[in-house]
Structures are given as structure tokens and as C-alpha cells.
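Each chain, written out:
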Amino acid sequence: MTQPIIQGKLTAPPLPAGYLPRPRLEARWDDWGGRRLVLVTAGAGSGKTSLLSAVTAICHRPVFWYTLDEMDADPVVLRDYLLFAVSAGKLRATGKTDHDLAEIVRCLRECDKGTVVILDDLQLAAGSPETFIFLERLARYLPQGHTLILSSREPLDLATMKLRTQGVVAELRATDLAFSPGEVAALFSARFDGAPMDNDLAAVVVEKTEGWAA
């Protein structure tokens, strides 16, 4: 390993206090089960991490979670963490891209079908072309039935056209995550102890905030 592994980065964060369940978005989890790659792209405060944390907490599929920080812009560090996560800490990184990829794929092949790998805050690796080439290859060789979810504040520079033509890519964007008037009213009611908000006012809030969750 290039550095000690911080276990907290491999654990889904807890839901924030007052999280509002969003059935219309949480229902997409079932569709994602048939996808090889899911791209979740929206700005800070849009609710990406909260949504992913909520659905993984109630799902019955095995999930490997990895939250990036500034150190993970180093592609070697990123591969170390991925390999550590999927191997339950039993393997050591080889220092060679192809070998690391082969080990990660082998470990995932030994997991239950339907395993999900989530990388959150991937925008922090935006300056590393090597990292995105590695992730492109991981998506391409991911064992059948598994899903790779990449969450970022910014669009990722990934070559996904081949996977898209195969119909195995799904996307969740800022427009999808934006709160609807009904969700705004429900959030207001939960935050202010049952206080109602009429539909017209909720629509105004959506218009003024562009549905921004924060």
C-alpha cells in the first residue's frame, strides 16, 4: 500500500438529519441493477451522496463504497483503495495498473452477482487522465450483473460510447435531483413541524432555487 487505509472513506456516510425520502429517485435503484455503469452528476448540495447513502442502506445487494478526498487524485492511491475494499483488505496493490485491474475484477467476480461499487466525489480526480482510463477499463471488464456508480460534481471525462450503445449506462443529473414542488412542501413540513406549504408557494420556491436541495 502507498499509505495507510482510512476505513471511514470506505463506509457510506450516515444520512443527514431530516433527510427526506424521495421515492421517485430511490425507485431508480431497481433499474440500475441491470446497468453496468451509472453516472451521477450534479453540483454540491444537490443531494447526490444522501440519495446514494439512502438507497444502499435499504438495498439487499452487496455494496462497496469509496469516498474520495484530495489524496485520491493520485491514481495509485485510488487503485490501492479500490483493491483494499473489494478484497476485504486481504490483498496488496501491485503498483501496476493492469495487475491491479485484474485483481479488482477477480475479487468482484467472487462476490455475489449484483454487487455495487460506488465512488463518490470523483471530481477530485478530475486532473488525472490515468484514473479515468483505469475506470473506463474497470467498467468495461466489470463482471456480468455488477454495477459501477460514479458520482461527481462535474461531468467526467470518460469514454462511454461503447457501453451506451449496449444500453448498459444510466445517468442521474442535476435536473433529476432537483426538488419538485411536492418535495419542497414535504421538506418544509418536516422541517417546521407539520407546517403546510401550498402548491403555488412551493412552485415559487422551486423556481427561485432551481430545486436545489441544500
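Remember, it's a predicted structure, so these values are computed and weren't measured experimentally. (Residues numbered from 1 in each chain as written. Predicted model: local features only at pLDDT ≥ 70, side-chain atom pairs only at ≥ 80, totals over all residues. Heavy atoms only, no water.)

(A) Structural context of the overall build of the protein chain. Looking only at helices and strands, the protein chain features 10 helices and five strands. The C-alpha extent of the protein chain, read off along each of the three principal axes, is 60 × 40 × 35 Å. By element, 56% of the accessible surface of the protein chain is carried by carbon and sulfur atoms, the whole surface being about 11,000 Å². Treating the 23 positive side-chain charges of the protein chain as one cloud and the 27 negative ones as another, the clouds have centres 7 Å apart. (Helix = DSSP H or I, 4+ residues; strand = E, 2+ residues; numbered from the N terminus. Areas by Shrake-Rupley, 256 points an atom, 1.4 Å probe, with all protein chains shown as cover. Lys, Arg positive; Asp, Glu negative; His and termini not counted. Charge placed at Lys NZ, Arg CZ, Asp CG, Glu CD.)

(B) Just the packing of helix α4 (residues 75–86) against helix α6 (residues 129–141), in detail. Relative orientation of the contacting elements α4 and α6 amounts to 35°, with a least axis distance of 9 Å. When the axes of α4 and α6 are compared, the crossing they make is right-handed. On α6, the residues touching Pro75, Leu78, Arg79 and Leu82 of α4 are Glu130, Thr131, Phe134, Leu135 and Leu138. (Axes fitted to C-alpha atoms, helices over the stretch in contact; angles between N-to-C directions. Left-handed = near helix turned anticlockwise from the far one by under 90°. Contact = heavy atoms within 4.5 Å.)

(C) Structural context of the sheet that holds strand β4 (residues 147–152). Read across the open sheet, the five strands follow the order β2-β3-β4-β1-β5; overall the sheet is parallel. Two strands in the sheet have a free side with no partner beyond their single neighbour: β2 (63–67) and β5 (169–173). Direction aside, the axes of adjacent strands within the sheet are offset by 15° on average. As defined by bridge partners, strand β1 (residues 37–41) adjoins β4 across five bridges and the pair is classed as parallel. Residue pairing across strands places leucine 37 opposite leucine 148, the latter belonging to β4. (Pairing = 2+ DSSP bridges.)

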